[in-house]
Amino acid sequence: MPELPETQTIAAILNENLKGKNVLQVQVSKDYKALPSTDIFIKTITGKQIKSVERVAKNVLLKLDNGVRILFHLAMTGRLLLWKNSVGSEKWVKVILHFDGDTKLTFSDMRMFGKAAVLSPKQTEELTARYGPEPLDENTTPQKLFENLKTKRTNIKNALLDQEVISGLGNIYATDALFLAKINPLTKTNNITIENASQLLSASRTVLNEGIKFGGSTLGDKMYVDPFGKEGTYQEHFKIYSKEKCPVCGAKVSFIKISGRGTYFCPGCQPLTNE
Ligand SMILES: [Zn+2]
């Protein structure tokens, strides 16, 4: 599932390649419902120009010259691909945007948990307000993360995945950040200290920046690729995620499920000290 680095990689490539282009034609597959309705989706964006492409949490937003945003949320199996001339052999294509210069953008979604929508400027503000602070924003402080964590009565792993607490972290990067911060994923948020929050914010920035540097992570399912079809390589730089041995102490890595999500940690380097 694309997290902040994958979404950021997609948004940056789309911004570079679609800025200034006009939406000439919009096709939506019959088995798919764009929001608020396919008719409105098509009418609102046809003939408009792309001003910029941005990321908000794990959403890709294409800003149009009328202030409206086209939102794509990739969820589990969504993909955004750029094509020159003809659309290749991509499966489960739900939306095609045709631009000048024979450029096309496809949104495909095998399991259809993703989203294609148009948002007014007000709806865009509301969307942004629903998310917690951006971890890479320098205005996001350890104190803010600490306060947000304290509003959730759960373990730290679940809290980090809660997009109201901090936005953009998903299973892989949260797992790796907890390892770098030497915090056990099962630690109750009650027991998290301001020092922990500070270590976590710093560790999150480290893994997210590395994720962006390596173009995101592509797992064995090959589900995530960038808009040119290129795989990310952060998986070659995982800190603890998917590993069998701890890279720091060599101990066997523990694998547990927390809220159904596979979680890796080193019991030696990330002891549960405060039950
Ligand atoms: Zn270890």
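Calculation criteria
Residues numbered from 1 in each chain as written. Predicted model: local features only at pLDDT ≥ 70, side-chain atom pairs only at ≥ 80, totals over all residues. Heavy atoms only, no water. Helix = DSSP H or I, 4+ residues; strand = E, 2+ residues; numbered from the N terminus. Rg over C-alpha atoms; globule rule 2.2 N^0.38 Å. Contact = heavy atoms within 4.5 Å. Areas by Shrake-Rupley, 256 points an atom, 1.4 Å probe, with all protein chains shown as cover. Lys, Arg positive; Asp, Glu negative; His and termini not counted. Charge placed at Lys NZ, Arg CZ, Asp CG, Glu CD. Core = buried A, V, L, I, M, F, W, Y, C linked by side-chain atoms within 4.5 Å. Buried < 20%, exposed > 50% of the residue type's maximum accessible area, 1.4 Å probe, protein only. UniProt positions renumbered as here; feature names shortened; annotations may be inferred. Axes fitted to C-alpha atoms, helices over the stretch in contact; angles between N-to-C directions. Parallel < 35°, antiparallel > 145°, perpendicular 65-115°, else oblique. Left-handed = near helix turned anticlockwise from the far one by under 90°. Nonpolar A, V, L, I, M, F, W, Y, C, P; charged D, E, K, R; others polar.

Digging into the overall build of the protein chain
Then, number 1: When helices and strands are tallied, the protein chain shows seven helices and 10 strands.
Then, number 2: For the protein chain, whose C-alpha radius of gyration is 20 Å, the value lies close to the compact-globule estimate of 19 Å for 275 residues.
Then, number 3: Taken along its principal axes, the extent of the C-alpha atoms in the protein chain is 60 × 35 × 30 Å.
Then, number 4: A separation of at least 24 residues holds for 63% of the contacts in the protein chain among residues at least 6 apart in sequence.
Then, number 5: On the protein chain, roughly 12,700 Å² of surface is accessible, and the fraction owed to carbon and sulfur atoms is 50%.
Then, number 6: The protein chain carries 37 positive and 28 negative side-chain charges, and their two centres are separated by 3 Å.

A word on the environment of K150
Then, number 1: Take K150: it is sitting in helix α4 (residues 142-150).
Then, number 2: Between the C-alpha atoms of K150 and A34, which are 116 residues apart in sequence, the distance is 37 Å.
Then, number 3: Beyond its immediate stretch of four places on either side in the chain, K150 contacts T189, N190, N191 and I192.

So, the nonpolar core
Then, number 1: Counting residues in hydrophobic clusters, the biggest one holds 36 residues, and the most contacted among them are L145, L149, I156, L160 and L200.
Then, number 2: Elements supplying a minimum of two residues to this core: α4, α5 (156-161), α6 (171-180) and α7 (194-213).
Then, number 3: Setting aside anything within four residues of it in sequence, one finds L200 in contact with L145, I156, L160, A177, L178, A181 and I183.
Then, number 4: Core analysis: the next-biggest nonpolar cluster, separate from the first, contains 31 residues, Y32, I45, I70 and L97 among them.

Considering the UniProt feature "domain: FPG-type" (unreviewed entry) in the protein chain
Then, number 1: As recorded in UniProt, the feature "domain: FPG-type" (unreviewed entry) lies at residues 239-271.
Then, number 2: Secondary structure across residues 239-271 comprises 0% helix and 30% strand; the distance between its end C-alpha atoms is 17 Å.

A look at the packing of helix α1 (residues 4-18) against α7
Then, number 1: Two numbers describe how α1 lies on α7: the axes approach to 8 Å, and their chain directions differ by 40 degrees. As judged from the angle between their axes, α1 and α7 are oblique. At the point where α1 passes α7, the crossing takes the right-handed sense. In contact with L4, P5, Q8 and T9 of α1, α7 contributes L208, G211 and I212.
Then, number 2: Considering only residue class, the contact of α1 with α7 consists of four nonpolar, three polar and no charged.

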